Amino acid sequence: MTKVVAINGSAKMEKGNTARVLAPFLAGMKEAGASFELFYAKRLDVKPCVGEFHCWNQKPGVCYQEDNMQMLYPKLREADILVLATPVYIPLPGKMQN
């Protein structure tokens, strides 16, 4: 079974136009036999990179910051498809950048 992780970057979350476009896409993925998990960037506590390169030098691939990325990393590794849904009227939202 195909696993999909979708992240909605809209500040309006499920009430915005991004959600209106994303919902039928995910419904189609489900109809095609895929399973999906949907996350809202606004609800995730993800700290920005501090640029100390701990994840490169001391422990490659392991971030020392404790935030919601610790929960997302295994889901992203297992996913076959990653969907990043963002509003088009602004640059990439800060929560998505984190």
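Keep in mind that what you see is a predicted model, and the values were worked out from it rather than measured. (Residues numbered from 1 in each chain as written. Predicted model: local features only at pLDDT ≥ 70, side-chain atom pairs only at ≥ 80, totals over all residues. Heavy atoms only, no water.)

J.: I'd love a proper account of the pairing of strand S1 (residues 3–8), names of residues and values included.
T.: The element S1 is largely enclosed, with a buried count of five among its six residues. In this sheet, strand S2 (residues 35–40) lies alongside S1 in parallel orientation, the contact comprising six bridges. Opposite Val 5, over in S2, you have Glu 37 as the bridge partner. As a crossover connection, the stretch from S1 through helix H1 (residues 17–31) into S2 is right-handed. Two strands pair when backbone bridges link them, and S1 and strand S3 (residues 81–85) are joined in this way by five bridges, in the parallel orientation. Its bridge partner lying in S3, Asn 8 is registered against Ala 85. (Buried < 20%, exposed > 50% of the residue type's maximum accessible area, 1.4 Å probe, protein only. Helix = DSSP H or I, 4+ residues; strand = E, 2+ residues; numbered from the N terminus. Pairing = 2+ DSSP bridges. Right-handed = clockwise from strand over helix to strand, strands pointing away.)

J.: Lay out the sheet that holds S2 with the relevant residues and their values.
T.: Spatial ordering of the open sheet is given by S2-S1-S3, a layout of three strands whose pairing is parallel. Looking at which strands have only one partner, the edges of the open sheet turn out to be S2 and S3. On average, each strand axis in the sheet is inclined to that of its neighbour by 15°, with strand direction left out of account. Relative to S1, H1 is tilted by about 175°, and along the sheet it contacts S1, S2 and S3. (Axes fitted to C-alpha atoms, helices over the stretch in contact; angles between N-to-C directions. Contact = heavy atoms within 4.5 Å.)

J.: Give me the pattern of salt bridges: which residues, what numbers.
T.: Within this structure, the stated rule accounts for three salt bridges. We note a salt bridge from Glu 78 to Lys 3, for which the minimum N-O separation is 3.7 Å. With Glu 78 in helix H3 (residues 69–78) and Lys 3 in strand S1, the pair connects residues that are 75 residues apart, well separated along the chain. Here Glu 37 makes a salt bridge to Lys 75, at a shortest N to O gap of 3.3 Å. (Salt bridge = Lys/Arg side-chain N within 4 Å of Asp/Glu carboxyl O.)

J.: Break down the packing of aromatic side chains for me, citing the residues and quoting the values.
T.: Across all of its chains, the model carries one aromatic pair by this definition. Here the aromatic rings of Phe 53 and Trp 56 are separated by 5.0 Å at their centres, their planes lie at 55°, and the arrangement is tilted. In this structure Trp 56 comes out as exposed when scored by relative accessible area, which is 61%. (Phe/Tyr/Trp six-rings, centres within 6.5 Å; stacked < 30°, edge-to-face > 60°.)

J.: Break down the side chain of Gln 65 for me, with residues and values.
T.: Position of Gln 65 among the secondary structure elements: in the loop between helix H2 (54–57) and H3. Taking the relative accessible area as the measure of exposure, Gln 65 reaches 12% and is therefore buried. There is a polar contact of 3.2 Å between the side chain of Gln 65 and the backbone oxygen of Pro 48. The contact partners of Gln 65, leaving out residues within four places of it in the chain, are Lys 47, Pro 48, Cys 49, Val 50 and Gln 70. (Polar contact = N/O pair within 3.5 Å; in protein donor to acceptor, adjacent residues only side chain to side chain.)

J.: Break down the nonpolar core for me, with residues and values.
T.: By size, the foremost hydrophobic cluster in this structure holds 10 residues: Val 5, Ile 7, Phe 39, Ala 41, Leu 44, Val 46, Met 69, Leu 72, Ala 79 and Met 96. Of all the secondary structure elements, the ones that give two or more residues to this core are S1 and H3. Those residues in contact with Ala 41 that sit more than four places away from it in its chain are Ile 7, Asn 8, Gly 9, Lys 95 and Met 96. If you look at the next biggest cluster of nonpolar residues, it comprises eight residues, including Val 4, Ala 6, Leu 26 and Val 83. (Core = buried A, V, L, I, M, F, W, Y, C linked by side-chain atoms within 4.5 Å.)

Purely spatial values, then, with no claim about function.
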